[in-house]
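Each chain is listed here by its residues.
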Amino acid sequence: MSDAAIRIDGLTMDFGKVRALEDLSLEVERGSVFGFLGPNGAGKTTTIRLLLGLLEPTRGKAEVLGFDTHERAHEIRSRSGALLEQAGLYERLSAEENLEYYGQINRMPGIERRGRIKELLTSVGLWERRKEPLKKWSRGMRQKVAVARALLHRPEMVFLDEPTAGFDPSSAAALRDDLGGLASREGVTVFLCTHNLFEAERLCDVVGVIRRGKLVAVGSPDELRAGSGGGRAEIIGQGFGEKMLRMLRERVEVRSAEITNGRLAIELEEKAKMAPLVSLLVHEGAEIEEVRRGKASLEEVFLKLMEEDKG
Amino acid sequence: MRDVWTVFKKELKELLRLHGSGKRTLLLTLLPLGAVGVLFATTWNKQLLESPAGAVFCVVIPLGMVIAVICDSFAGERERHTLETLLASRLPNNAILFGKMGAAMAFGWILTLLIMVFMRSVSLVAKGPPESWGYLLSWHAGALVFAFPIWSLWASLGVLVSLRSPTVKRAQQMLSISFLLVCFLPAIVVGGSRAMQRRIEGAARDFQDVNPMTVALVALGILLLVDVVLILIAMARFKRSKLILD
């Protein structure tokens, strides 16, 4: 068996004339949390379906937990838990019955199954309501049960498509902690599709950004932020004017400069140094009190990658 | 087999919750069946009630309910967005297919049995004991045996339709139309052709001397053969990738 939990090599998927995924190659380490970011229709769900062996690729191949997705999909599904686009719960049944069903599907022994159901429903605060049919439950409550179902049989690999959609902030934070713990303590690999960039930043060891079926960036959140350019600087002080802005904008290491709320915000090119810019400003008569240098957030990196597409 | 049983149990459990609670569903299912049983037991004459027609009637009556249940199998899962999660589980294709078919067949068979019990109980009270218990029970037992391949036929047909239908309603329409075609098209064709009628009358005369048990066994054999063919087609058409994309 290979060390990578997921190994994708040149995966391409066409739906008729539409190319949903193009030459996707990727590796996800065992026991890591991989975040898959992208706008709607970028190919995230198609990727999950391919990895679970629910679709056959047009070209390329993929392995999950060392099993080929085409030849050994059953092995992959036996060792994986999945929360897909929809919660996929039976609304006529109760939370407990839904979990019982999937516990039986996964051949969990009765005592272990009941214990695990209690543990999971208690952790999401729904144990007391386990007998109620899900029909009248809110989306967030159902989503919690769906997440519990994905983790029920202690799978080696978990695929989660927008798991915190509909969660209140405290539940979302609790789930993030749980998922982080699963990866670090139990060695579970988590493949997480999300629009929530804060979540990806907090939780993911590695993030991949997909756009129109193509992987456009992959790396740790830190690497992506660093790779997005030199970051930005905020200068607090007095005496900033239009002439200074023009001078800054003419310099090659400055991408943009503007004054907002009396503060000078500068976007910098990669490896740009601040000292010459500060000297220039002082020389031109600015009174500088503080210079703050920061990297772009993951959200900014993501938006930038999406803008490149528009361009 | 264990996987088939898991799906089977869950399907029946869901069926019991069709109208909310289990008690309510049972009541809403049994009331019309009971009413039909009582109606026919009181309005049909005793001879007709004790004839083979009475037994056949018990197999035909629950058909509408069974069609509704079968159509719910895959089309219902698709409509309620539970199908993809089920397909992403470790369940083998055949376990899903046979679990669902088995539940529909069991439902049809139980309804057949219940309507027989209703009809006979009311008939016993209203019309007195039958002329021959042996004759009556053998026809009813035969009908119950025949009910299996009949419900299997409808279950596999229903699954075939349901596999590709986007909604339960569409699947029900398709299956109802198929039912009408199967039942009425031969009658219309035969009714419209004198030559065909004469040929059938001739064939009926030829079969007059044949042992009814032989006819029953041949019919059972044909039914089972059709069942097997339909099940094989359903198995071949059960492709996860197609079900996901449909």
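Preceding this section is the structure that the text describes.
Conventions used here
Residues numbered from 1 in each chain as written. Chains lettered and ligands numbered in written order. Predicted model: local features only at pLDDT ≥ 70, side-chain atom pairs only at ≥ 80, totals over all residues. Helix = DSSP H or I, 4+ residues; strand = E, 2+ residues; numbered from the N terminus. Buried ≥ 20, exposed ≤ 12 C-beta atoms within 10 Å, placed from the backbone. Contact = placed C-beta atoms within 7 Å. Axes fitted to C-alpha atoms, helices over the stretch in contact; angles between N-to-C directions. Parallel < 35°, antiparallel > 145°, perpendicular 65-115°, else oblique. Left-handed = near helix turned anticlockwise from the far one by under 90°. Nonpolar A, V, L, I, M, F, W, Y, C, P; charged D, E, K, R; others polar. Pairing = 2+ DSSP bridges. Right-handed = clockwise from strand over helix to strand, strands pointing away. Core = buried A, V, L, I, M, F, W, Y, C linked by C-beta atoms within 7 Å. Expected span 1.5 Å × (residues − 1). Arc of directions from axis to C-beta.

Enquirer: Please set out the overall build of chain A residue by residue, giving values where relevant.
Expert: Secondary structure summary: chain A contains 11 helices and 14 strands in total. Counting only C-alpha atoms and orienting by the principal axes, one finds that chain A spans roughly 75 × 45 × 35 Å. The buried share among the 311 residues of chain A stands at 41%.

Enquirer: Quick one: what's the story with the overall build of chain B, residue by residue and with numbers?
Expert: A tally of regular secondary structure across chain B gives 12 helices and zero strands. The linear arrangement of helices and strands in chain B, starting from the amino end, is α-α-α-α-α-α-α-α-α-α-α-α. For the C-alpha atoms alone, the extent of chain B along its principal axes is close to 55 × 45 × 35 Å. Looking at chain B residue by residue over its 246 residues, the buried ones come to 37%. Once local pairs closer than 6 in sequence are excluded, the contacts in chain B between residues at least 24 apart make up 86%.

Enquirer: Describe the packing of helix α5 (residues 63-79) of chain B against helix α7 (residues 93-127) of chain B, listing the residues and the values that go with them.
Expert: Residues and elements named next belong to chain B. Contact geometry of α5 with α7 gives a least axis separation of 10 Å together with a crossing angle of 165°. Of the possible angle classes, the one that applies to α5 and α7 is roughly antiparallel. Seen from above, α5 lies across α7 with right-handed handedness. Across from M65, V66, V69, I70 and S73 in α5, the residues of α7 making contact are K100, A104, F107, G108 and L111. Here the contact of α5 with α7 is built from residues that sort into seven nonpolar, two polar and one charged.

Enquirer: Residue-level account of the sheet that holds strand β5 (residues 67-68) of chain A, with values.
Expert: Residues and elements named next belong to chain A. Taken in spatial order, the four strands of this open sheet run β2-β1-β4-β5, and their pairing is antiparallel. The open sheet has two edge strands with one neighbour each: β2 (18-29) and β5. Examined bridge by bridge, strand β4 (residues 59-64) and β5 share two bridges and lie antiparallel to one another. If you follow V64 over to β5, its bridge partner there is F67.

Enquirer: Residue-level account of the sheet that holds strand β7 (residues 157-161) of chain A, with values.
Expert: Residues and elements named next belong to chain A. With mixed pairing, six strands are arranged side by side in an open sheet as β6-β7-β8-β3-β9-β10. Looking along the sheet, the strands with just one partner apiece sit at the ends: β6 (80-83) and β10 (214-219). In this sheet, adjacent strand axes meet at a mean angle of 15° when their direction is disregarded. Bridging between strand β3 (residues 33-37) and strand β8 (residues 189-194) involves five bridges; their strand directions are parallel. In the sheet register, L37 faces β8, and the bridge partner there is T194. The strands touched by helix α1 (residues 44-51) are β3, β7, β8 and β9 (206-211); relative to β7, the strand with the most contacts, the crossing angle is about 155°.

Enquirer: If you had to explain the pairing of strand β1 (residues 4-15) of chain A to someone new, which residues and values would you point to?
Expert: The side chains of a regular strand alternate, first on one face of the sheet and then on the other. Residues and elements named next belong to chain A. Pairing analysis gives eight bridges linking β1 to β2, with the strands arranged antiparallel. Within the sheet, the bridge partner assigned to L11 lies in β2 and is L24. Both β1 and β4 contribute to a ladder of five bridges, which runs antiparallel. Residue pairing for β4: D9 is matched across the bridge by K61.

Enquirer: Outline unusual backbone geometry, listing residues and values.
Expert: Residues and elements named next belong to chain A. Unlike most non-glycine residues, L65 shows phi in positive territory, near 55°. As for its placement among the helices and strands, L65 is situated in the loop between β4 and β5. Since 21 C-beta atoms lie within 10 Å of it, L65 is described here as buried. In this model, R212 sits at a positive phi of 50°, which is unusual for a non-glycine residue. For R212, the location among the structural elements is in the loop between β9 and β10. A residue is classified by how many C-beta atoms lie within 10 Å of it, and R212, with 15 of them, is partly exposed.

Enquirer: Give a detailed account of the interface of chain A and chain B, specifying residues and quantitative values.
Expert: Counting residues at the interface gives 24 residues for chain A, matched by 19 residues for chain B. Elements with a contribution of two residues or more to the side of chain A that touches chain B: α2 (73-78) and α3 (95-105) of chain A. Here the element with the most residues in the side of chain A that touches chain B is α3 of chain A; it accounts for five residues. Broken down by class, the residue content of the side of chain A that touches chain B amounts to 12 nonpolar, six polar and six charged.

Enquirer: Account for the pairing of β8 of chain A, naming residues and giving values.
Expert: Residues and elements named next belong to chain A. Burial analysis of β8 places six of its six residues in the buried class, the great majority of the element. Summarising the sheet, β7 and β8 pair through five bridges and their orientation is parallel. The residue bridging V158 from the neighbouring strand is V190, located in β8. Considered for its hand, the β-α-β crossover made up of β7, helix α6 (residues 169-186) and β8 is right-handed.

Enquirer: Lay out the nonpolar core in plain terms, naming residues and giving numbers.
Expert: V190 and L192 of chain A are the most contacted members of the largest nonpolar core, which has 130 residues in total. Considering every element that reaches this core, the biggest residue donor is α7 of chain B, with 14 residues. One finds I235, A257, L268 and L277 of chain A within the second-largest nonpolar core, a separate group that totals 11 residues.

Enquirer: So, α6 of chain A: which residues are in play, and what are the values?
Expert: Within an α-helix, residues lying three or four positions from one another point in the same direction, as the helix has 3.6 residues per turn. Residues and elements named next belong to chain A. Between its first and last C-alpha, α6 extends 25 Å over 18 residues, near the 26 Å set by a 1.5 Å rise per residue. When α6 is considered as a whole, its buried residues turn out to be L175, R176, L179 and A183. Projected down its long axis, α6 carries its buried residues within an arc of 105°, all on one side. Exposed residues lying more than 90 degrees from the buried face of α6 are S170, D177, G181, R185 and E186. Against the buried residues of α6 lie β3, α5 (139-151), β8 and α7 (197-203).

Enquirer: I'd like a description of the environment of D168 of chain A, backed by residues and values.
Expert: All names here are of chain A. Among the secondary structure elements, D168 is positioned in the loop between β7 and α6. The class of D168 is exposed, set by 11 C-beta atoms lying within 10 Å. For the pair formed by D168 and G140, sequence separation is 28 residues and the distance between their alpha carbons is 7.4 Å.

Enquirer: Which residues make up helix α2 (residues 22-43) of chain B, and what values go with them?
Expert: Taking 1.5 Å per residue, 22 residues should reach 32 Å; α2 of chain B reaches 32 Å between its end C-alpha atoms and fits that length. Check the buried side of α2 of chain B and you find it contacts α3 (46-49), α4 (52-60), α5 and α7 of chain B.

Enquirer: Can you explain the packing of α5 of chain B against helix α9 (residues 168-191) of chain B? Please cite residues and give values.
Expert: All names here are of chain B. Two elements in contact, α5 and α9, have axes separated by 8 Å at closest approach and are oriented at 145°. Between α5 and α9 the crossing geometry is right-handed. The segment α5 lies against α9, with I67, A68, C71, D72, A75, G76 and E79 engaging V168, R170, A171, Q172, L175 and S176. Looking at the contact of α5 with α9 residue by residue, the class counts come to seven nonpolar, three polar and three charged.

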